[in-house]
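# Observations on the model geometry
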Amino acid sequence: MYKNYLKIAFRSIWKNKTFSLINVIGLSIGLSASFVIGIMIYYDLTFDKFHEDRDRIYRVVVDTQGPDQEGHSRGVPVPLIDALKDNSTGIDHVSPFFLVGFDKVTVASSQKGFEWPGDIVVADEEYFKIFKYHWLAGSADAALENPFEVVLSKSRAEKYFPGRSLEEIIGNTLIYEDSLIVKVTGIVAEFEERSDFIFKEFLSRKSFQNSESYGYFYDKSWGSISSSTQLFIKADEFNNKTAILAQLDALGKENENEEMAALGYFRSFRLQALKNLHLNDSYGVFDSSPYRASADVLIGLGFIALFLLLLGCINFINLNTAQSAKRAKEIGIRKTLGSSKKQLVIQYLGETFILTVSAAILSLFMATFLLRVFADFIPSGLSMGLLQNPVLMVSLIGLLILITFLAGFYPALILSKYKPVSVLKNQSVLDGDKGSLRKFLTVFQFVIAQVFIIATLLVGKQINYLINKDMGFKSESIAYIRAPRSDASIEKYEAFKEGLETIPEVKNLSIAGDPPASQSYSGRGVSYFSEGKENHVQIQMLSGDRNFLNLYDIDLLSGRLPLNDSISEYVINETLMRHLGFQKPEEVIGQQFKVGNDNIPIVGVMEDFNQSSLREEIEPMAFVQNNQNYTLHFSFQAKDTKHWPKAINKIETLWQEFFPDETFKINFVDDDVKQFYSQEQKTATLLKWSTGLAILISCLGLFGLVIHSTEKRTKEIGIRKVLGASILQLNLLMGKEFMVLVSIAFVIAVPIAWWGISSWLQEFAYQTTMSWWVFLLSGVSLLIIALAVISIKIFTTANTNPVKSLSTE
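What counts, and at which threshold
Residues numbered from 1 in each chain as written. Predicted model: local features only at pLDDT ≥ 70, side-chain atom pairs only at ≥ 80, totals over all residues. Heavy atoms only, no water. Helix = DSSP H or I, 4+ residues; strand = E, 2+ residues; numbered from the N terminus. Areas by Shrake-Rupley, 256 points an atom, 1.4 Å probe, with all protein chains shown as cover. Pairing = 2+ DSSP bridges. Contact = heavy atoms within 4.5 Å. Axes fitted to C-alpha atoms, helices over the stretch in contact; angles between N-to-C directions. Core = buried A, V, L, I, M, F, W, Y, C linked by side-chain atoms within 4.5 Å. Buried < 20%, exposed > 50% of the residue type's maximum accessible area, 1.4 Å probe, protein only. Phe/Tyr/Trp six-rings, centres within 6.5 Å; stacked < 30°, edge-to-face > 60°. Lys NZ or Arg CZ within 6 Å of the ring centre and 35° of its normal. Arc of directions from axis to C-beta. Parallel < 35°, antiparallel > 145°, perpendicular 65-115°, else oblique. Left-handed = near helix turned anticlockwise from the far one by under 90°. Nonpolar A, V, L, I, M, F, W, Y, C, P; charged D, E, K, R; others polar.

With that settled, consider the overall build of the chain. In terms of helices and strands, the chain carries 25 helices and 24 strands. As displayed, the chain has an accessible area near 38,600 Å², and 55% of this comes from carbon and sulfur atoms.

See below:
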């Protein structure tokens, strides 16, 4: 019996080749997108799932709350480490580690140096008690307990000591920054499964007890927080998270910074579960990869996959219910010969399953192509090979069965309901059916496509607005170079600056801190008197020499620049001026801030500019001169871009003269600004592809329905041609029903898209306008595309010889 079902299924598919092909292509597009998105979701959801007792491991993080803002930090104050170790209950292990970067590591035995090795942490013996590594040499029992010890990963050990066995490497010496001498005491294997713990060198914390450069590893200040200071704990077997949080709250209250509290800023310690580490981008992880996972992004991707699959299923339902009349006689005869309703449903679902499997095979090739398209912003470990995972394989089979049911069950039910008597008498098998379901599903398809088009246009408009909006300072043609940390002598950097001044393509140099807009933030709380009382405000600090504002075309509205770096004087921005209660720049000159025990005068007011991305508003800021800056800013001749590579080569040559052991890296300010919006640009790319796929699937379904409609009305078209109807008139006659459906879809899609994009734009302090022409353009575009699809088949049919049309049975 099943062999007969299979034979009939293949015959039916082959007989309706066009519709079968449309169904397969539509489903394969939806499935390929689902495969790629499914792999991405699975990849991000399976980080650090292998750790022993992972449900008891937490990272301590810090949340801050201010009068007008809130913040999140993965760093903690160093004294919290010892406080938890000495006085906490319900915690088995407390493991701090510090993310560090060394310019150079030298192997003592070979005197071979390695620059910027990366992935280095400073930790203590508790680290390996929480996170279980496989030890290839040495032992976890006493690892990192003593000063001047280092544990290497296998790959790092082989890099430093090529050709030597792991046991031979134990006991060898490494020299960090030509001063810190440590001994290799262990070698561990890197985690084979996905993990955010990508460290390859583990230095003992006790090695830095007397270090001047790294004294902050033992900082006693509760007010100092660095994101490089990480703290993990492992709760005891009872895992009483509430009790641990109560102890953290008590420690936070006991060591509260009274000055910051007076400013209205409060800090609280929180516990972040290990399972939430990878997907919570409020705190971030440890690697330097540009890829960042986000739960919100994964949810969005999931919805895109769902919509594309639904579009494919809708095509299947539409085309097969439309074609159902062609199979009416077959169903009537089979019922007359004794086939039950259940057998007919099973047979039709079998045909659907064959088409679904065919689409799945095709989609595997398409998914490989999509992964290549998105290669720039997906992690390197993400590939189609993940489909070999048993969990994904079972999910894939389940997905194919679900699609078969969704796409095939309703058409199968419709076909199985036909009455043999009506069919065999050539009576209508669809009495009362005016194709309402098909119309509804077609509208639904085009609503999705229309929303995607509008979203793509508006997201692109917002990104273009962000990138091209004047941020209040000059960013074109300006570059900067950071001083090497191992050789940060201001005198040497001044000499390097003087050398740069001899390069004709370079002009307008300045030694300063960060550029006007950057990812970094440096701030301080200050006090001022207004209306007889003391007020407090948190201000962002910007530092540089006297040429800094001129280099970046930041106008001084009133007053003057600080005289020198030995006297504390502030040049404030307009936002801070208004915050102080002044409306005119000249009125605020001479006012003073109180910082600790010092009174610092305001000597100038500079023009407002955006200090970070346009998601955020301009903050109160002060510019100050100091001699602790080690970043050299300069501009190129803007109209001489063809000579920039030559100029950069000259700068690099000069760099090697002053810093021969350091890596040369030049940064362009406009690239930094664009980097603010990397996530939005990825969203735009994803939307473009989703829009294209949604339009393609919808138009394939529309094309199939047009084919069905014109085949039913072939004789009518022939008669109208004989009676003198033109091709344009036939197009309007045959296509108006479909164009009405597309127009209805546009009317429904506009408020949905408007609401969705409005919600997204709320993330930005500066927003583009939601112009009416964007909605009109998207609607007209989809109507033109739909009209073109409709016209292709109608034009072909209308050009058929009327004699052939009228002879069609």
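With respect to topology, four strands assemble into an open sheet ordered S15-S23-S14-S24, the strand pairing being antiparallel. Each having just a single partner strand, strand S15 (506-512) and strand S24 (667-668) make up the two edges of the open sheet. Relative to strand S23 (residues 631-636), S15 is paired through five bridges, and the arrangement is antiparallel. Residue pairing in the sheet places Ser-510 in a bridge with His-633 of S23. Strands strand S14 (478-482), S15 and S23 of the sheet are contacted by helix H15 (residues 490-500), whose axis makes an angle of about 170° with S15. Together, S14, S15, S23 and S24 form the strand contacts of helix H19 (residues 644-658), whose direction differs from that of S23 by roughly 155°.

Right, let's talk about the nonpolar core for a bit. As a rule of thumb, soluble globular proteins bury nonpolar side chains together. Ranked by internal contacts, the top residues of the largest apolar core, which has 114 residues, are Leu-31, Leu-308, Leu-382, Phe-473, Tyr-552, Met-606 and Phe-623. When neighbours within four sequence positions are excluded, Tyr-552 is seen to be in contact with Phe-473, Lys-474, Ile-478, Pro-515, Pro-516, His-633 and Val-669. If you look at the next biggest cluster of nonpolar residues, it comprises 47 residues, including Val-100, Ala-137, Ala-157 and Val-184.

Bringing the packing of aromatic side chains into the picture now. For the coordinates displayed, the defined rule picks out 43 aromatic pairs. Ring geometry for Phe-128 versus Trp-135: centroids 5.1 Å apart, planes at 65°, classification edge-to-face. With relative accessibility at 4%, the residue Phe-128 sits in the buried group. For the ring pair Phe-548 and Phe-623, a centre distance of 6.0 Å and an interplane angle of 10° mean the geometry is stacked. Placement of the pair is Phe-548 in helix H16 (residues 548-551) and Phe-623 in strand S22 (residues 621-624), with a sequence separation of 75 residues. Here the two residues Phe-548 and Phe-623 agree in accessibility, since each one is buried. Among the aromatic residues, those joined into a ring-pair cluster are Phe-50, Phe-97, Tyr-127, Phe-128, Phe-131, Tyr-133, Trp-135, Phe-191, Phe-197, Phe-199, Phe-202 and Phe-232. Positioned over the ring face of Tyr-218 is Arg-205, at 4.4 Å from the centre of the ring. Positioned above the aromatic ring of Tyr-766, the side-chain terminus of Lys-469 is 4.8 Å from the ring centre.

Bringing the environment of Glu-657 into the picture now. Examined against the element boundaries, Glu-657 turns out to sit in helix H19. For Glu-657, a relative accessible area of 58% gives the class exposed. Each C-alpha atom of the pair Glu-657 and Phe-496 lies 9.1 Å from the other, and the pair is 161 residues apart in sequence.

Here the focus is H15. Turning to H15, its buried residues number three or more, namely Tyr-493, Phe-496, Lys-497, Gly-499 and Leu-500. Projection of H15 onto a plane perpendicular to its axis shows the buried side chains occupying an angular sector of 160°, all on one side. Across H15 from its buried face, at more than 90 degrees, point the exposed residues Glu-491 and Glu-498. Lining the buried residues of H15 we find S14, S15, S23 and H19.

Moving on to the pairing of strand S17 (residues 533-543). A large share of S17 lies buried, amounting to eight of its 11 residues. With four bridges connecting them, S17 and S22 associate as parallel partners. By the bridge assignment for S22, Leu-542 is matched with Phe-623.

Moving on: the packing of H15 against H19. Relative to each other, H15 and H19 sit at 150°, their axes nearing to 10 Å. Here H15 is positioned roughly antiparallel relative to H19, judged by the angle of their axes. Considering only the axes of H15 and H19, their crossing is right-handed. Facing H15, whose interface residues are Lys-492, Ala-495, Phe-496, Gly-499 and Leu-500, H19 presents Ile-651, Leu-654, Trp-655 and Phe-658. Looking at the contact of H15 with H19 residue by residue, the classes come out as seven nonpolar, one polar and one charged.

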